[in-house]
Amino acid sequence: MPLTRSRYVTALIEGLSSLGLLVLLSGCSALPEIGAVGAQPREQEIAEASTGEQNSLAAVTDQDAHQAAAKTLPTATVVSVGDGDTLRVQGQDGSITIRLACVDAPESSQAFGPEATLRLRQLLSTGQMVEVRAIERDRYGRTVAEIYSGGQSVGLQLVGEGYAVVYEQYISGCAATADDYRQAESAARNARRNFWSQPNPTMPWDFRRGGTSPTPTDPPPAVVPAPVNPPSATPTNLPACVSGDCDCGDFATWEQAQAVLNATPGDPHRLDGDSDGVACESLR
């Protein structure tokens, strides 16, 4: 059949349509899958965001830890010093009495007690700002605490200078620095500083129980010799013959004769014939 113009146009259109469909179908296999390719960047973005949040949280936690470690101890103002290991301070909650922790200073009436008090007053003047590490309350209601001035432990300094000793009974309150206290005391003892300059120092806790503290300036105790003769009678107990002339026959006992001999120097009654200090030996 001869191809008319209208049929030619129709065939041409159908051919082009078929060709376009083939191109479209062949191109679909080359297109990326929307679900596979499009999701990958989003998953990576979420993962990266999650990692960033974790890193930020870790950074905040570390920062808080550093800030907590950097916090200083509570501060207070020195009001007065009572003795070598006691003071009064003014804090946020009012005025309190503090007993220095882990050390014991000589008592005020003990050797080197006044010196220890003077030294603590030099280290902690009235109005001075200090840091307080409170540990507990003692039976007297005082706050047991370590006191720091300029970053230095005042109690440790007193021990190192020989104005206080380590209080071993309560050293557990300073567990982190116990060795420092012991080393400071050993150095002070070896150097014979202050309290340790005594030949046989009495520990403060022993002194409080009634002991005494010998000092280098204390004189040795006086030695009282035992009397050669027994104690003499008082003049009111002497026989009447002492106003005249006594002899051994005037005494009822040897003790009376000896009392007269002791009461009359030079033996004017001649009661000690052999001058051996014993009267009327015949009466013994």
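Residues numbered from 1 in each chain as written. Predicted model: local features only at pLDDT ≥ 70, side-chain atom pairs only at ≥ 80, totals over all residues. Heavy atoms only, no water.

1. Points about the nonpolar core
Let me state the cut-off plainly: For this analysis, a nonpolar core means a set of buried residues of the types Ala, Val, Leu, Ile, Met, Phe, Trp, Tyr and Cys, connected via side-chain atoms within 4.5 Å. Partly exposed residues are those whose accessible area sits between 20% and 50% of the maximum for their type, while under 20% is buried and over 50% is exposed, using a 1.4 Å probe and protein chains only. For the purposes of this entry, the term helix denotes a DSSP run of H or I that reaches at least four residues, the term strand denotes a run of E that reaches at least two, and both are numbered from the N terminus. Residues count as neighbours in contact if any of their non-hydrogen atoms are within 4.5 Å of one another.
Of all hydrophobic cores here, the largest spans 31 residues; its most connected members are Leu87, Leu124, Ile147, Leu158 and Tyr181. When contributions to this core are tallied by element, the ones reaching two or more residues are strand E1 (75-83), strand E2 (86-91), strand E3 (94-100), helix H3 (113-123), strand E5 (129-137), strand E6 (143-149), helix H4 (154-160) and helix H5 (178-190). Setting aside residues no more than four positions away along its own chain, Leu87 makes contact with Val78, Ser80, Val81, Gly82, Ile96, Thr97, Ile98, Leu100, Leu124 and Ile147. One finds Ala257, Ala259, Leu271 and Cys280 within the second-largest nonpolar core, a separate group that totals 11 residues.

2. Topic: the state of the cysteines
Let me state the cut-off plainly: Here, the term disulfide refers to a pair of cysteine sulfur atoms separated by no more than 2.5 Å.
Counted under the stated rule, the structure contains two disulfides. With a sulfur-sulfur separation of 2.0 Å, Cys102 is cross-linked through a disulfide to Cys174. On the sign convention where negative means left-handed, the S-S torsion of about 100° between Cys102 and Cys174 marks this disulfide as right-handed. A residue pair is termed long-range when its members are at least 10 positions apart, and Cys102 in the loop between E3 and strand E4 (103-104) and Cys174 in the loop between strand E8 (165-166) and H5 qualify at 72 residues. Classification of Cys102 as buried rests on a relative accessible area of 4%.

3. Digging into the pattern of salt bridges
For clarity, the threshold we go by: Whenever a carboxyl oxygen of Asp or Glu lies within 4 Å of a side-chain nitrogen of Lys or Arg, that contact is scored as a salt bridge.
With the rule as written, the count across this model stands at 11 salt bridges. We note a salt bridge from Asp179 to Arg182, for which the minimum N-O separation is 3.6 Å. Linking Asp179 with Arg182, this pair stays in helix H5, spanning three residues, or about one helical turn. Using a relative accessible area of 35% as the deciding quantity, one classes Arg182 as partly exposed. Close ionic contact of Arg209 with Asp206 constitutes a salt bridge, the shortest N to O distance being 2.5 Å. On the basis of relative accessibility, which here comes to 64%, the residue Arg209 falls in the exposed class. For Asp206, a relative accessible area of 30% puts it in the partly exposed group. In the salt-bridge network here, residues are joined through shared partners; they are Asp85, Arg99, Asp104, Glu107 and Arg208.

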